[in-house]
Amino acid sequence: MNESQRFRLGTVGALSLSVVSSVSIVICNKALISTLAFTFATTLTSWHLLVTFCSLHVALWMKLFEHKPFDARAVMGFGILNGISIGLLNLSLGFNSVGFYQMTKLAIIPCTVLLETLFFRKKFSRNIQISLAILLMGVGIATVTDLQLNVLGSVLSLLAVVTTCVAQIMTNTIQKKFKVSSTQLLYQSCPYQAITLFIIGPFLDGLLTNKNVFAFKYTPQVLVRRKCFDFSTFFCLDYLVYSNNYFYTNPSWFQFFIVLSCLISVSVNFSTFLVIGKTSPVTYQVLGHLKTCLVLAFGYVLLRDPFSWRNILGILIAVIGMVLYSYSCSIESQQQKASDVSAQLSQVKESESDPLISVENSPGILSDGVVQKAPLWNSNKDLEA
């Protein structure tokens, strides 16, 4: 297996891992938030990052990857920015309608394209632009319902979009600039992300839920209203006791879902950095919309969530956009490789056509499999002498 095939296989594996882990954690977190009434999403995310860091530290101790320190200021700024973007996305959801929040998520792709075009001079072909437009239209049809605007919510959404785009672009550029792997970058930035969310998490969760995360009863049985319970077709009822229109959950099951969510988050965080590093921030956002479509489908099949023809039509259009985007990226990748090969061949021909330059600039000449020392000609004066 050559290097190109290994890279392609690694990219497919990263994309698959990202989809499976993201859909799994959505289902798990829905059980925690909707069913078990643990509504502290930002605090839960800080726990996810802490567990991710501890897992990577164990992997480092087992020598599964190499620690590669680099610019500490860049890592700190990147980690804090990531934490702030997560907090702003949660605030955007809290201060806007669900429809407007979905529009906020859709705006991330155009914003990323704009930023990469302006600051990195990256060009997106017309085929890719059309495929992205089809994708966004499909996801919009499937997910956007009501659009209720307010000044504070709009400002928070704008900040969330900008910080998310910049953080994801930095994820890609830092890995390439400092030549670090996704694991090395995640290991060094995780503590800053976790600390940021540890600090702002309780405040944001209290602002959005009017509840205190420190006052939540973690050990006694958790009280859940019957109307919130929609997992009866998916999870066993053995851990629930129904009484007076309430469900009393066994605390062991509550702790189980907390631990499960944190463990899945390790895969989610790792695959996020891996996908962005191997592909691009735009491709990662396209993958994110695929996850949204899968979550809608799983919600209907497994959890009997409401589903309409509008959802089906939107998902089908989004899938068409994703296929077109993948095809366009594949064609452009092949064209880029062909142009790189032709450029290398032209350079080789130019060097062969001027043997003197080849002798002067190369450290040695390969002759019959033996490396010989190049003549010590440093200037034209040596030749004249």
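Residues numbered from 1 in each chain as written. Predicted model: local features only at pLDDT ≥ 70, side-chain atom pairs only at ≥ 80, totals over all residues. Heavy atoms only, no water.

- Naming follows an unreviewed UniProt entry, where the chain appears as Sugar phosphate transporter domain-containing protein of Rubroshorea leprosula.
- The UniProt entry for the chain carries this comment under Subcellular location (unreviewed entry): "Membrane". (UniProt positions renumbered as here; feature names shortened; annotations may be inferred.)

1. Considerations on the overall build of the chain
- Helix and strand counts for the chain come out as 13 helices and five strands.
- Sorting the 385 residues of the chain into buried and exposed places 40% on the buried side.
- Total accessible area on the chain stands at roughly 21,900 Å², and carbon and sulfur atoms take up 65% of it. (Helix = DSSP H or I, 4+ residues; strand = E, 2+ residues; numbered from the N terminus. Buried < 20%, exposed > 50% of the residue type's maximum accessible area, 1.4 Å probe, protein only. Areas by Shrake-Rupley, 256 points an atom, 1.4 Å probe, with all protein chains shown as cover.)

2. Quick look at the side chain of Thr 11
- Secondary-structure assignment places Thr 11 in helix H1 (residues 3-35).
- Those residues in contact with Thr 11, other than ones at most four positions away along the chain, are Lys 278 and Thr 279. (Contact = heavy atoms within 4.5 Å.)

3. Brief notes about the environment of Gln 184
- Relative to the helices and strands, Gln 184 resides in helix H8 (residues 182-209).
- For the pair Gln 184 and Glu 66, spaced 118 residues apart in the sequence, the C-alpha separation amounts to 7.4 Å.
- Beyond its immediate sequence surroundings of up to four residues, Gln 184 is in contact with Phe 65, Glu 66 and Lys 68.
- Of the polar contacts made by the side chain of Gln 184, one reaches the backbone oxygen of Glu 66; its length is 2.7 Å. (Polar contact = N/O pair within 3.5 Å; in protein donor to acceptor, adjacent residues only side chain to side chain.)

4. Side note on the pattern of salt bridges
- Evaluation of the coordinates by the stated rule reveals one salt bridge.
- Salt-bridge contacts for Lys 122 lead to Glu 116; the nearest nitrogen and oxygen are separated by 3.9 Å. (Salt bridge = Lys/Arg side-chain N within 4 Å of Asp/Glu carboxyl O.)

5. Quick notes on the packing of aromatic side chains
- Using the criterion set out here, one finds nine aromatic pairs in the structure.
- With a centroid separation of 5.6 Å and an interplanar angle of 35 degrees, the aromatic rings of Phe 38 and Trp 47 are classed as tilted.
- Phe 38 sits in the buried class, given a relative accessible area of 0%.
- Take Trp 47: its relative accessible area is 21%, and that puts it in the partly exposed class.
- An aromatic cluster is built from Phe 38, Phe 40, Trp 47 and Phe 216, whose rings are joined through pairwise contacts. (Phe/Tyr/Trp six-rings, centres within 6.5 Å; stacked < 30°, edge-to-face > 60°.)

6. Section: the nonpolar core
- If you look at the biggest cluster of nonpolar residues, it comprises 18 residues, and the most contacted ones within it are Ile 109, Leu 132, Leu 135, Val 282 and Val 286.
- Of all the secondary structure elements, the ones that give two or more residues to this core are helix H5 (108-120), helix H6 (126-143), helix H10 (281-303) and helix H11 (309-353).
- If one sorts the elements of this core by residue count, H6 sits on top with six residues.
- Beyond its immediate sequence surroundings of up to four residues, Val 286 is in contact with Ile 109, Leu 132, Leu 135, Met 322 and Tyr 325.
- By size, the runner-up hydrophobic cluster in this structure holds 16 residues, among which are Leu 56, Phe 78, Ile 174 and Ala 194. (Core = buried A, V, L, I, M, F, W, Y, C linked by side-chain atoms within 4.5 Å.)

7. Focus on unusual backbone geometry
- Notably, Lys 179 is not glycine yet its phi reads approximately 55 degrees, a positive angle.
- With respect to the helices, strands and loops of the structure, Lys 179 is situated in the loop between helix H7 (151-177) and H8.

8. Looking at the environment of Val 20
- Tracing the backbone shows Val 20 in helix H1.
- Residue Val 20 is classed as exposed on the basis of its relative accessible area, which comes to 54%.
- A C-alpha to C-alpha distance of 8.5 Å links Val 20 and Lys 291, two positions 271 residues apart in sequence.

9. Description of the confidence of the model for the chain
- Here the chain averages 79 in pLDDT, and 79% of its residues register 70 or above.
- Within the chain, the lowest mean pLDDT, 35, falls on strand S2 (residues 240-243), and the highest, 94, falls on helix H2 (residues 41-61).
- Counting interchain partners and residues more than four positions distant, the pLDDT-below-50 stretch residues 220-249 has 66 contacts. (pLDDT = per-residue confidence, 0-100.)

10. Considering H5
- In this model H5 runs 17 Å from its N-terminal to its C-terminal C-alpha over 13 residues, within 8% of the 18 Å that 1.5 Å per residue would give.
- Phi turns positive, to about 55 degrees, at Arg 121, one or two residues after H5. (Expected span 1.5 Å × (residues − 1).)

11. Comments concerning the side chain of Thr 163
- When you line up the elements, Thr 163 lands in helix H7.
- Among the residues examined, Thr 163 registers a relative accessible area of 13% and is labelled buried.
- Among the polar contacts listed, one links the side chain of Thr 163 to the backbone oxygen of Ala 160, at a separation of 3.2 Å.
- Setting aside its immediate chain neighbours within four residues, Thr 163 contacts Leu 81, Ser 85 and Leu 88.

12. Description of the packing of helix H4 (residues 98-106) against H5
- Relative to each other, H4 and H5 sit at 25 degrees, their axes nearing to 4 Å. In terms of orientation, H4 and H5 fall into the roughly parallel class. From H4, Thr 104, Lys 105 and Leu 106 reach across to H5, where they touch Ile 108, Ile 109 and Pro 110.
- Residues that form the contact of H4 with H5 fall into these classes: four nonpolar, one polar and one charged. (Axes fitted to C-alpha atoms, helices over the stretch in contact; angles between N-to-C directions. Parallel < 35°, antiparallel > 145°, perpendicular 65-115°, else oblique. Nonpolar A, V, L, I, M, F, W, Y, C, P; charged D, E, K, R; others polar.)

13. Here's the deal with the state of the cysteines
- Counted according to the given criterion, the structure contains zero disulfides.
- For Cys 111, which is in no disulfide, the shortest distance to another cysteine sulfur is to Cys 165 and amounts to 3.5 Å.
- Residue class for Cys 111 comes out buried when judged on its relative accessible area of 17%.
- Sulfur of Cys 190: no disulfide; nearest cysteine sulfur belongs to Cys 54 and is 9.3 Å away.
- Among the residues examined, Cys 190 registers a relative accessible area of 0% and is labelled buried. (Disulfide = S-S within 2.5 Å.)

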